Amino acid sequence: MDAQKIVYVIGIPLVELLLILCGAFFAATETGYTSLSRITVRQMLKGKEKNASLVSRLRSNLDGLISTALVGTNLVTTLISSLATAYAIELFGDGYVSLATAAVSILVIIFSEIIPKTYAALRPKESAVMSARPILLLQRLFFPVWTALSFRVVSAAEGSKE
């Protein structure tokens, strides 16, 4: 096996793992913030806890946070599926695409959805504090995307009223 093939065989699964972790981040962030009570946020601010002001700002704009998490989740999931398909075709042939899709779906459901959402539901404060800075950065990065999508949805909804 040549060096390029070895990099491909090892590199793609590592990228897939990184993407699964990114998906877990988005899932935990969404659940953490939606599970976080306003009282807890006020207590964090009063106690001057780490990232309390960021958590408060993000929690007060839950629509923007959820939009960011959903854009991130969809981007990551699409990349995971695409890479798994390309990987299966390259290494095993067309006949294994369905198997790769099933395997990736199971991994994503368990490691990018169930486990992180369960953790975040049980520990919303810790999840929110941990994700505050990265999600704020991503929110700024995705702002044009979710603003355009929000505009299109509102326009479509208003157009259907007529």
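Whatever comes next refers back to the structure up there.
1. Some remarks on the packing of aromatic side chains
- Scanning all chains against the criterion turns up three aromatic pairs.
- Ring geometry for Tyr8 versus Tyr87: centroids 5.8 Å apart, planes at 25°, classification stacked. Of this pair, Tyr8 sits in helix α1 (residues 3-35) while Tyr87 sits in helix α4 (residues 62-92), placing them 79 residues apart in sequence.
- Note on Tyr87: relative accessible area 18%, which makes it buried.
- Between Phe25 and Phe26, the ring centres sit 5.4 Å apart and the planes meet at 65°, which makes this aromatic pair edge-to-face.

2. A short note on the side chain of Asn51
- Mapped onto the elements of the fold, Asn51 is located in the loop between α2 (38-46) and α3 (52-60).
- Residue Asn51 is classed as buried on the basis of its relative accessible area, which comes to 12%.
- Setting aside chain neighbours within four positions, we find Asn51 in contact with Val129, Ala132 and Arg133.

3. Quick look at the pattern of salt bridges
- Scanning the model with the defined rule gives four salt bridges in all.
- Across the pair Glu49 and Lys125 runs a salt bridge whose closest N-O atoms are separated by 2.9 Å. With Glu49 in the loop between α2 and α3 and Lys125 in helix α6 (residues 124-160), the pair connects residues that are 76 residues apart, well separated along the chain.
- According to the relative accessible area criterion, Lys125 is partly exposed, its value standing at 30%.
- A salt bridge links Arg123 to Glu126; its shortest N-O distance comes to 3.7 Å.
- Relative accessible area serves as the criterion here: at 42%, Arg123 is assigned to the partly exposed category.

4. What to know about the nonpolar core
- In terms of nonpolar packing, the biggest core is built from 25 residues, with Tyr33, Val55, Leu58, Leu65, Ile80 and Ala132 touching the most fellow members.
- Put simply, the parts of the chain that give this core at least two residues each are α1, α2, α3, α4, α5 (97-122) and α6.
- Setting aside its immediate chain neighbours within four residues, Tyr33 contacts Val55, Leu58, Arg59, Leu62, Leu65, Ala128, Ser131 and Ala132.

5. Digging into the packing of α2 against α3
- In contact at an axis separation of 9 Å, α2 and α3 are set at 150° when each is read in the N-to-C sense. As far as their axial angle goes, α3 and α2 are roughly antiparallel. Note on packing geometry: the crossing formed by α2 with α3 is left-handed. Every residue of α3 that contacts α2 at Arg38, Val41, Met44 and Leu45 is listed here: Ala52, Ser53, Val55, Ser56 and Arg59.

Conventions used here
Sequence order as written defines residue numbering, which begins from 1 separately in each chain. The model is predicted, so local features are restricted to residues of pLDDT at least 70 and side-chain atom pairs to those at 80 or more, both for listing and for counting; the totals for chains, interfaces and linings are taken over all residues. Side-chain numbers come from the whole structure's heavy atoms, not from hydrogens or water. Any Phe, Tyr or Trp ring, taking Trp's six-membered ring, that has another such ring centre within 6.5 Å forms a pair; planes under 30 degrees apart are called stacked, those over 60 apart edge-to-face, and the others tilted. Put simply, DSSP H or I for four residues or longer makes a helix, DSSP E for two residues or longer makes a strand, and each gets a number counted from the N terminus. Accessibility here uses a 1.4 Å probe with only protein chains present; expressed as a share of the type maximum, an area under 20% marks a residue as buried, one over 50% as exposed, and anything in between as partly exposed. Contacts were defined at the residue level, with two residues in contact if any of their heavy atoms lie within 4.5 Å. Salt bridges are defined as contacts in which a side-chain nitrogen from Lys or Arg sits within 4 Å of a carboxyl oxygen from Asp or Glu. What makes a nonpolar core is a set of buried Ala, Val, Leu, Ile, Met, Phe, Trp, Tyr and Cys residues whose side-chain atoms join them at distances within 4.5 Å. Angular values range over 0 to 180 degrees, each being the angle between N-to-C directions of two axes fitted as lines to C-alpha atoms, with helices fitted over their stretch in contact. Note on angle classes: values under 35 degrees are labelled roughly parallel, values over 145 roughly antiparallel, values of 65 to 115 roughly perpendicular, and the remainder oblique. Two helices cross in a left-handed way if the nearer one is turned anticlockwise from the farther one by less than a right angle. They cross in a right-handed way if the turn is clockwise.

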